[in-house]
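Structural description and commentary
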Amino acid sequence: MLEALPELYAAGSGQLYVEALLKTEEYNETVLRAYREAIDRLVANPDSYKFDERGLNRIRACSIGEGARFRIFV
């Protein structure tokens, strides 16, 4: 989903919900930080936004617990 932020933004999605239940605190903090950083960069300059793999790599390095679930609200 992190890679799809430009498409979600262009489609007018105004909210992103990250399901935090049954995940480790470290995982939740890492996911939220990665998304916050990416969203801030995208909103600041949508035309020149480029996906940064570092946020996704930090997420992949965390203990996830059960599978991550995301909900998109338009």
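Look up a bit, the structure's there.
All values reported here derive from a predicted model rather than from experimental measurement.

**Structural notes on the overall build of the chain**
- If you tally the helices and strands in the chain, you get 3 helices and 2 strands.
- Ordered by position in the sequence, the α and β elements of the chain form the string α-β-α-α-β.
- Of the accessible surface of the chain, which amounts to about 5,100 Å², a share of 53% is contributed by carbon and sulfur atoms.

**Comments concerning helix α2 (residues 25-44)**
- The end-to-end C-alpha separation of α2 is 28 Å, in line with the 28 Å expected for 20 residues at 1.5 Å each.
- Among all positions in α2, only Tyr27, Asn28, Thr30, Val31, Ala34, Tyr35, Ala38 and Leu42 are buried. In an axial view of α2, the angular spread of the buried residues amounts to 165 degrees, which keeps them on one side of the axis. Exposed side chains of α2 directed beyond 90 degrees from the buried face belong to Glu25 and Ala44.

**Side note on the layout of surface pockets**
- Of the volumes computed, that of the largest pocket is approximately 180 Å³.
- If you go around the largest pocket, the residues you meet are Leu5, Leu8, Tyr9, Ser13, Gly14, Gln15, Leu16, Ile39, Leu42 and Val43.
- Looking at the lining of the largest pocket, the elements that each hand over two or more residues are α1 (5-10), β1 (15-18) and α2.

**Here we look at the side chain of Lys23**
- Structurally, Lys23 can be placed in the loop between β1 and α2.
- This buried residue, Lys23, is left without a salt bridge; Glu19 holds the nearest opposite charge, at 6.1 Å.
- Separated by 3.1 Å, the side chain of Lys23 and the backbone oxygen of Leu21 make a polar contact.

**Focus: the pattern of salt bridges**
- By the definition in use, this model includes 4 salt bridges.
- Across the salt bridge formed by Asp52 and Arg54, the nearest N and O atoms sit 2.6 Å from each other.
- A residue is classified by how much of its surface remains accessible, and Asp52, at 22% relative accessible area, is partly exposed.
- Using a relative accessible area of 58% as the deciding quantity, one classes Arg54 as exposed.

So, how was this worked out
- Residues numbered from 1 in each chain as written.
- Predicted model: local features only at pLDDT ≥ 70, side-chain atom pairs only at ≥ 80, totals over all residues.
- Heavy atoms only, no water.
- Helix = DSSP H or I, 4+ residues; strand = E, 2+ residues; numbered from the N terminus.
- Areas by Shrake-Rupley, 256 points an atom, 1.4 Å probe, with all protein chains shown as cover.
- Expected span 1.5 Å × (residues − 1).
- Buried < 20%, exposed > 50% of the residue type's maximum accessible area, 1.4 Å probe, protein only.
- Arc of directions from axis to C-beta.
- 1 Å grid on protein atoms, 1.4 Å probe; cavity = no way out; pocket = protein on both sides within 12 Å on 5 of 7 lines; lining within 4 Å.
- Points joined across faces, edges and corners; volume = space filled by probe spheres on them.
- Lys, Arg positive; Asp, Glu negative; His and termini not counted.
- Salt bridge = Lys/Arg side-chain N within 4 Å of Asp/Glu carboxyl O.
- Polar contact = N/O pair within 3.5 Å; in protein donor to acceptor, adjacent residues only side chain to side chain.

Fair warning: the whole summary comes from geometry, so function is off the table for now.
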